[in-house]
Amino acid sequence: MSATVHYTHCPVCNSSNIHPLLTATDHTVSRNQFVIWQCDDCSLRFTQDVPDAAHIGPYYKSEDYISHTDTKEGLVNRIYQQVRRHTLQQKVKLAMRVSGKQRGRALDVGCGTGAFLAALKEAGWVVTGLEPDPDARKIAAARAGLEVLPAEALYELPHASFDVITLWHVLEHVHELQRYMQQLRALLAPGGKLIIAVPNYTSGDAQTYGAFWAAYDVPRHLYHFSPRSMKTLAERNGLRLVDQKPMWFDSVYISLLSSRYRHGQTNWIGAPMAGLRSNFKAFFNPERCSSLTYVLEAVK
């Protein structure tokens, strides 16, 4: 029997004020159901009884898991690829802006198939990539023209080495959350910035689709962050929030997937409208965007 992780305290704030909230289905691989719990103190949601780090690997083995395969099968995935090409340069510009450097040293954690890693290298940065999936690692190495390290190498890197560290939809997958955050802080060079992008369950599209919201992505997503819980996590690990950016494209993509999970097929009219409604609400309150990019720095 596979080992699982059962939380008795909140993974972010360590509160015991936690309770089950909703049940979500793994629509990508297993069709298994998982219960999502919530912490009433910091507002984190988390997937309860997930496979531990040694046993979760099979839940990533799907041609539909786009960050590991670069699949272009299906219209939704082709849309994702088009949007990613558009947003890559925005991400490179963000790294430059928040670091104050046109060229520097960057670490991309969970680099997937290496699209951002290659874009940052092309911009003149010295880059290091980490990726747990060996197949994705090979693709990333070929794309970026450098060795991509396995995820456990994070703890072997020298401290104070990076001007920018990026995690694009990665932190929600990490089992040892507090230890991970401590190591990321230690790896930042003086004045360095940590960029973390994660889904936001307080968004309008999350409210629309409920348990069918694709960004719950159980059991691969261990944690489901709100802005409040992310700020709590940062503060508990000697980091402070210096900027926060909405990721406008995510709401439409996530709504397309969510509509398929709810109805068995993609609603090509209703889902984009749901995504646009979510963005309209977030325009007046950016903390309600479907995904958010947080820029953090070490507290001196």
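With an unreviewed UniProt entry as reference, the protein chain is termed Class I SAM-dependent methyltransferase, source organism Flaviaesturariibacter flavus.

**Q** It is not clear to me how the overall build of the protein chain should be interpreted in this structure. Could you clarify?
**A** For the protein chain, the count of helices and strands is 9 helices and 12 strands. The C-alpha atoms of the protein chain give a radius of gyration of 18 Å, which matches the 19 Å a tight globule of 300 residues would have. For the protein chain, the spread of C-alpha atoms along the principal axes amounts to about 45 × 45 × 45 Å. Within the protein chain, buried positions represent 55% of all 300 residues.

**Q** Teacher, can you tell me more about the pattern of salt bridges here?
**A** A side chain with one charge can pair with a side chain of the opposite charge if their charged atoms come near. A full pass over the atoms with the stated rule returns 10 salt bridges. D163 is paired through a salt bridge with R105; the nearest N and O atoms lie 3.4 Å apart. Taken together, the residues D163 in strand β8 (residues 162-168) and R105 in strand β6 (residues 105-109) connect sequence positions 58 residues apart. Residue D163 is classed as buried on the basis of its relative accessible area, which comes to 8%. Overall, the relative accessible area of 37% leaves R105 in the partly exposed class. The salt bridge involving E287 is made with K231; its shortest N-O contact spans 2.8 Å. Placement of E287 in the loop between α9 (270-284) and β12 (291-298) and of K231 in helix α7 (residues 227-236) is noted, with a sequence separation of 56 residues between them. On the accessibility criterion, E287 (30% relative accessible area) is partly exposed. Several salt bridges converge on common partners, so that one network encompasses D26, D217 and R220.

**Q** It is not clear to me how the environment of Q178 should be interpreted in this structure. Could you clarify?
**A** Within the fold, Q178 resides in helix α5 (residues 177-187). By relative accessible area, which is 27% here, Q178 ends up partly exposed. Distance from Q178 to G124, taken between C-alpha atoms, is 32 Å for residues 54 residues apart in sequence. Polar contacts involving the side chain of Q178 include one to the main-chain carbonyl oxygen of P11, which spans 2.8 Å.

What counts and what doesn't
Residues numbered from 1 in each chain as written. Predicted model: local features only at pLDDT ≥ 70, side-chain atom pairs only at ≥ 80, totals over all residues. Heavy atoms only, no water. Helix = DSSP H or I, 4+ residues; strand = E, 2+ residues; numbered from the N terminus. Rg over C-alpha atoms; globule rule 2.2 N^0.38 Å. Buried < 20%, exposed > 50% of the residue type's maximum accessible area, 1.4 Å probe, protein only. Salt bridge = Lys/Arg side-chain N within 4 Å of Asp/Glu carboxyl O. Polar contact = N/O pair within 3.5 Å; in protein donor to acceptor, adjacent residues only side chain to side chain.

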